[in-house]
Amino acid sequence: MITRTTRSAKANKEIPVDRSIVFGRCRKALPFILHVVIPTLVGAAIYTLWGTRTLLVFKWYNAFGLTRTVAYLRTVAGPRSALPSVVIFSLPDALWVYALTATMCCIWWDIDGLAKRVWIGVPVLLGVTGELGQLFGLVPGTFDPLDLLAYVVGGVSAVVLTNNSLEVRTAR
């Protein structure tokens, strides 16, 4: 644990402060950036540049006055017909599940037990449940079996790659 000492205003005494809390239990910034930040940004870029304009994110862009900028970026990025549909519609799903699962791996990486398994499984469960909700008309959107596969592949990949990355960085 990386600590520094700070003074408590109430008790006027020094107390240790855990500075590693910035990245959860993922004490190194690099695994967090590689496994959480980059996949999130790539997924957001795919949605922004080639996604359907009915996605919620486009309402956010409008609210922040970014509609013109996003329209320009979409023009520069080229037609979405140049990309396979799986990249446009399923890869962002895999990436958000990957990033959220990796976040859980960073938080729980040095803890064993049922709680760890449950929390690491939550992102895949959310994705699969939402997709099945689309199948039965309970959740808005279009059901796609490739999205189910994307959620599972994203989650499993995150567990394997993030844990390997954390173990390697811890061993140094």
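Calculation notes
- Residues numbered from 1 in each chain as written.
- Predicted model: local features only at pLDDT ≥ 70, side-chain atom pairs only at ≥ 80, totals over all residues.
- Heavy atoms only, no water.
- Helix = DSSP H or I, 4+ residues; strand = E, 2+ residues; numbered from the N terminus.
- Buried < 20%, exposed > 50% of the residue type's maximum accessible area, 1.4 Å probe, protein only.
- Contact = heavy atoms within 4.5 Å.
- Areas by Shrake-Rupley, 256 points an atom, 1.4 Å probe, with all protein chains shown as cover.
- Patch = residues over 30% accessible without salt bridge, like charges linked within 9 Å, V, L, I, M, F, W, Y side chains within 5 Å.
- Salt bridge = Lys/Arg side-chain N within 4 Å of Asp/Glu carboxyl O.
- 1 Å grid on protein atoms, 1.4 Å probe; cavity = no way out; pocket = protein on both sides within 12 Å on 5 of 7 lines; lining within 4 Å.
- Points joined across faces, edges and corners; volume = space filled by probe spheres on them.
- Nonpolar A, V, L, I, M, F, W, Y, C, P; charged D, E, K, R; others polar.
- Axes fitted to C-alpha atoms, helices over the stretch in contact; angles between N-to-C directions.
- Parallel < 35°, antiparallel > 145°, perpendicular 65-115°, else oblique.
- Phe/Tyr/Trp six-rings, centres within 6.5 Å; stacked < 30°, edge-to-face > 60°.
- Arc of directions from axis to C-beta.

## Examining the overall build of the protein chain
Here's step 1: When helices and strands are counted, the protein chain shows 7 helices and 2 strands.
Here's step 2: Reading the helices (α) and strands (β) of the protein chain from amino to carboxyl end gives β-β-α-α-α-α-α-α-α.
Here's step 3: The burial tally for the protein chain puts 28% of its 172 residues in the buried class.
Here's step 4: When contacts within the protein chain are restricted to residue pairs at least 6 apart in sequence, long-range pairs at least 24 apart make up 59% of them.
Here's step 5: Approximately 11000 Å² of the protein chain is accessible, and the part contributed by carbon and sulfur atoms is 68%.

## What to know about a nonpolar patch on the surface
Here's step 1: A surface patch of nonpolar side chains, amounting to about 550 Å² of accessible area, comprises Leu30, Ile33, Leu34, Val37, Ile38, Leu41 and Val42.
Here's step 2: Checked against the element boundaries, Ile38 lands in helix 1 (residues 29–50).

## Some remarks on the layout of surface pockets
Here's step 1: In this structure, the largest pocket spans a volume of roughly 690 Å³.
Here's step 2: In terms of lining, the largest pocket is formed by 25 residues, of which the most central are Tyr47, Leu55, Asp93, Gln134 and Pro140.
Here's step 3: Every element with two or more residues in the lining of the largest pocket is listed here: helix 2 (56–63), helix 4 (85–89), helix 5 (91–108), helix 6 (114–135) and helix 7 (145–171).
Here's step 4: At 5 residues, helix 6 tops the list of elements feeding residues into the lining of the largest pocket.
Here's step 5: Within the lining of the largest pocket, the residues separate by chemical class into 13 nonpolar, 8 polar and 4 charged.

## Observations regarding the packing of helix 1 against helix 3 (residues 67–77)
Here's step 1: Two elements in contact, helix 1 and helix 3, have axes separated by 8 Å at closest approach and are oriented at 90 degrees. Taken together, helix 1 and helix 3 sit at an angle that is classed as roughly perpendicular. On helix 3, the residues that touch Tyr47, Thr48, Leu49 and Trp50 of helix 1 are Val70, Leu73, Arg74 and Ala77.
Here's step 2: Counted by class, the contact of helix 1 with helix 3 contains 6 nonpolar, 1 polar and 1 charged residues.

## With respect to the packing of aromatic side chains
Here's step 1: Under the criterion given, the structure shown has 2 aromatic pairs.
Here's step 2: Taking 5.8 Å as the distance between ring centres and 80 degrees as the angle between the ring planes, the aromatic pair formed by Phe58 and Tyr61 counts as edge-to-face. You can see Phe58 and its partner Tyr61 sitting in helix 2, 3 residues apart, about one turn around the helix.
Here's step 3: Exposure remark for Phe58: the relative accessible area of 12% places this residue in the buried category.

## As for the packing of helix 2 against helix 3
Here's step 1: Closest axis-to-axis distance for the helix 2/helix 3 pair is 7 Å, and the angle between their directions is 125 degrees. It follows from the interaxial angle that helix 2 and helix 3 lie oblique. Between helix 2 and helix 3, the contacting residues are Phe58, Tyr61 and Asn62 on the first element and Thr67, Val70 and Arg74 on the second.

## Let's talk about helix 2
Here's step 1: Those residues of helix 2 lying buried are Val57, Phe58 and Tyr61. One side of helix 2 carries all its buried residues, which in axial view fall inside an arc of 100 degrees. For helix 2, the exposed residues set more than 90 degrees away from the buried face come down to Leu56, Lys59, Asn62 and Ala63.
Here's step 2: Packed against the buried residues of helix 2 are helix 1 and helix 3.
Here's step 3: Looking at the residues trailing helix 2, positive phi occurs at Gly65, about 70 degrees.

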